Amino acid sequence: MKITVTLLAVVTLLSCTASAETANELALRYNKPASTWEETLPLGNGRIGMMPDGGIDRELVVLNDITMWSGSEDPEAINPEAIGYLPKIRELLLAGKNGDAQRIMYEHFRCGGVGSSGGKSKNAPYGCFQMLGNLRINYQYPHQEAADNYQRKLSLNDAVASTSFTRGGITYNREYLASHSDDVLAIRVAADRRGAVSFELELSRPERATISVKGESLIMEGQLNDGHNGDKGVRYLTKVEIVNKGGTVSAGSKSLSLSNADEAIILISTSTDMLDKEYLATVDRLLERAKRFSFVKMKRAHTALYKEKFDRVELWLGEQDNSRTTDKRLASFQTDDDPAFAALYFQYGRYLIICGTNERTLPLNLQGLWANQVQTPWNGDYHLNINVQMNYWPVEVCNLSELHQPLITFTQSLVPSGEATAKAFYGAEGWLAHMMSNPWKFTAPGEHASWGATNTGGAWLCAHLWEHFAFSQDKEYLRTIYPTLAGAAKFFLSGMIAEPKNGWLVTAPSSSPENGFYIPGDKDRIFVCMGPTMDVQLIKELFTNVLSAASILGIEDGTTARIRETLPKLPPMQISSSGYLQEWLEDYREADPQHRHVSHLYGLYPSNQISPNTTPELAAAARETLERRGDGGTGWSRAWKINFWARLQDGNRAYKLLKNLLEPTAGDEISMSSGAGTYANLFCAHPPFQIDGNLGGTAGIAEMLIQSQDGYIQLLPALPDRWASGSFKGLRVRGGAEVDASWKNSRLLSATLRAETGGTFRVKVPDHVTAVKRNGKRITVENGYIALELKKGQEARVEFIS
Ligand code: FUC
């Protein structure tokens, strides 16, 4: 009897542990191989990545390297003729003849050369981000029966993907990782019967690839088009080798084969010369090193490094239902509202950042790191009028601050080109970037004024440089970015003009991304304008940040003096007679009231110039604008709207937008008006796949749970009814602290702050709270806030009693 009870207890304990583990496991799961690329699972170490489809007989693994960029620097982009037309363009704008100004701009005030070639620049100097290649694995089996028990999975906890199934009584297991520790891609193929692993490997690429075999190495190498018929294009080298137990490797002329092994590890080592002039040696060194480790050891080191970042944040909104496949969970989220699925999506965004970029490489582009085409949509570049910035919205709050670095480095690297552009096109000081950029530091206006004229791309990037300081309070860092911020401010100080009605200083020419308007008497849709609201907000923010930085660093110079003088001359935000926030200086008739861009609400999010707390009238106008724009739009547009509604503290509406973002979809054709949502692999669909929506969605969820832009911490500012109980750990706030919180029945229960820098942290106390306790003792609530004075590294836990 006693034995039975003890045994039962052990069994119960074991099964409890197992189910608790599965309930906590964050994973994407499927019960069949991927049939489209948007069903395959992304792996990456920030530099290189792959997306295996888990095929049973034939497997396609799309390979990526974030530096696979065609094109090269393009001196022709600086168009020396443009500045000659600037006085006329400005004169026409001042006279209200925007259409005439625009027509001149289309022809003359644009980059030299072909620019981004309307997003198809693979063979032009602007270039494009492209896939690295395809690894094809053709498996051979001792038995030909249908496979069963098929499972395909991506573990977000470990950054390892797997495929398993049984065939003819043999269980096959594959594991895939993009090693964060050893910088190679690795696939382990195993079976539970000796000698059952046999396959053939092929490498290919749609163009510019030479495939060969040397010894037991399968090699792909080539050079991308530099766009000038020259020799400056990026060169790459990929080497694939098989490490195996018990089998025989044989080399074909363009393939490698393995027969009758017990187990095999496919190692892929790859690099380009964009950031590594020694790339040939690097590929060999990484491969040789990786061959010395067992897969188990490599996996352990990889997972440990990955987890160091991933495990900083937890979000608990309920148990993960791992009995259902991810595509099923995605489809049923529209009706079951499974809160745990939203948490999975949130963590997937963090996963994509940790695996998509690292401190030493390029920023995440429109595709992040993952692409399956040579000519990627919109060149897979850096669009500076929302997209690349949205990629970085979650990094500070979601505790991945060091991964802001590639964007910061990239921004600083744009300065010399931006200075040349400021001088050549505007005769202005400082630096600027227009609406699109690439690793070749393109800063000129785009080839089409409707979108290319926006000249606040650099200013928007500067907001990221500042936010990194706002969260870290690192003054040494601030000193390094000050010249970049001040240089961006100088462009506007010397490049704005006074508009005729009120004498406000405005950018001219510019546009409000990428919406147009109509002017009576002109049949064209017009984009070119003076001082669109977004520009004003960006410039005001930039000026304010420069002044704050200068005061912290004890700097007082000509720039700060000019900013103080200029700030009051910027236009105010204006509310139209219909109650919405005006997108332009004039209340023009919008060409598309439901346009996906909501640029004039930049001031609501990510900036903090419109707030229900400090500017309730503007907040009401922003609400009107959002009602007018509607709850649809492309993937990233929906993601932005989650953040807007979170800032307006409307949790249920933010949640509605999250649901819209998570609408299941499949098509991959470019569309501005339909097909937006989420693919089976939880990639965001613009469509096509564009990673900004994923990362904007993750930022939006964080924004619903914690905000710190008003000088204090607000917990659960936009908690939807559907997330009545939950907890999070490790989200970060401005001022430098990590915060945990828990809540039940929509009421905040407790919070813990860990100070990263010493200071006083004010926390807003929700209305329902009657007392706040720290270490069991009541603490003072003053005007609805508590103040916690913490030393660097100190932790405080408070309980909210209601
Ligand atoms: C801008 C957006 C599009 C798309 C593209 C990459 O042109 O308006 O929706 O995101 O960038």
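Scroll up to find the structure.
Report follows, based on the coordinates.

Of all seven residues in strand S9 (residues 185-191), seven are buried; the element is thus mostly enclosed. Covered by surrounding structure in S9 are Leu185, Ile187, Val189 and Ala191 together with Ala186, Arg188 and Ala190, the residues of both alternating faces. Pairing analysis gives seven bridges linking strand S8 (residues 170-178) to S9, with the strands arranged antiparallel. Its bridge partner being in S9, Leu177 is matched across the sheet by Ala186. In textbook terms, the turn of a hairpin is the stretch between consecutive antiparallel strands, and for S8 and S9 this stretch comprises six residues, one of which, Asp183, has a positive phi near 60°. Bridge analysis of S9 against strand S16 (residues 263-272) gives six bridges, and the strand direction is antiparallel. Within S16, the position partnered with Leu185 by the bridge is Ile268.

Contact pair helix H7 (residues 339-356) / helix H20 (residues 692-705): the axes reach a minimum separation of 9 Å and the direction vectors enclose 125°. In terms of their interaxial angle, H7 and H20 are classed as oblique. Crossing of H7 against H20: the hand is left-handed. Across the interface between the two elements, Ala342, Tyr345, Phe346, Tyr348, Gly349, Arg350, Leu352 and Ile353 of H7 pack against Gly693, Asn694, Leu695, Gly697, Thr698, Ile701 and Ala702 of H20.

Looking now at helix H15 (residues 533-553). Compared with the 30 Å implied by 1.5 Å per residue over 21 residues, the 30 Å span of H15 between its first and last C-alpha is a close match. Extensive coverage of H15 is indicated by the burial of 16 of its 21 residues. Remark: Gly554 follows H15 within two positions and exhibits a positive phi of approximately 70°.

Moving on, we come to the site of the ligand. All residues in the neighbourhood of the ligand are listed as Leu366, Trp378, His383, Asn387, Glu514, Arg596, His597, Trp636, Met672, His686 and Gln690. Between Glu514 and the ligand, the recorded distance is 2.8 Å, taken from a side-chain N or O atom to an oxygen atom. Take His597: an N or O atom from its side chain is 2.7 Å from an oxygen atom of the ligand. Here the ligand, which alone exposes 290 Å², has 97% of that area covered by the protein. In terms of residue class, the shell around the ligand is made up of four nonpolar, five polar and two charged.

Quick notes on the rules
Counting starts from 1 at the beginning of each chain's written sequence and moves along it residue by residue. Where totals are concerned, whole chains, interfaces and linings use all residues; where local detail is concerned, this predicted model gives features only for residues with pLDDT of at least 70, and gives and counts side-chain atom pairs only at 80 or more. The side-chain figures draw on all heavy atoms in the structure; neither hydrogens nor water molecules are used. Summary of the burial criterion: residues with accessible area below 20% of their type's maximum are buried, those above 50% are exposed, and those between are partly exposed, where the area comes from a 1.4 Å probe applied to protein chains only. Numbering of helices and strands runs from the N terminus; a helix is a DSSP stretch of H or I covering at least four residues, while a strand is a stretch of E covering at least two. Between any two strands, at least two bridges found by DSSP are needed for them to pair. Here an angle of 0 to 180 degrees is reported between the N-to-C directions of two axes, which are lines fitted to C-alpha atoms, with helices fitted over the stretch in contact. Should an angle fall under 35 degrees it is called roughly parallel, over 145 degrees roughly antiparallel, and 65 to 115 degrees roughly perpendicular, with every other angle called oblique. Crossing chirality is assigned from the near helix's rotation relative to the far helix, an anticlockwise turn below a right angle marking it left-handed and a clockwise turn marking it right-handed. Throughout, a contact is declared for two residues whenever any of their heavy atoms are within 4.5 Å. Every helix has an expected span of 1.5 Å times one less than the residues it contains. Distances are taken per atom, and a residue is near a molecule or strand as soon as one of its heavy atoms is within 4 Å of it. For this analysis, a polar contact is any N or O atom pair within 3.5 Å, provided that within protein one partner can donate a hydrogen and the other can accept it, and provided that sequence-adjacent residues contribute only side-chain to side-chain pairs. Note on areas: Shrake-Rupley with a 1.4 Å probe; residue coverage comes only from the protein chains shown. Throughout, the ten residues Ala, Val, Leu, Ile, Met, Phe, Trp, Tyr, Cys and Pro are labelled nonpolar, Asp, Glu, Lys and Arg are labelled charged, and all others, Gly among them, are labelled polar.

All we've got here are geometric facts, nothing functional implied.
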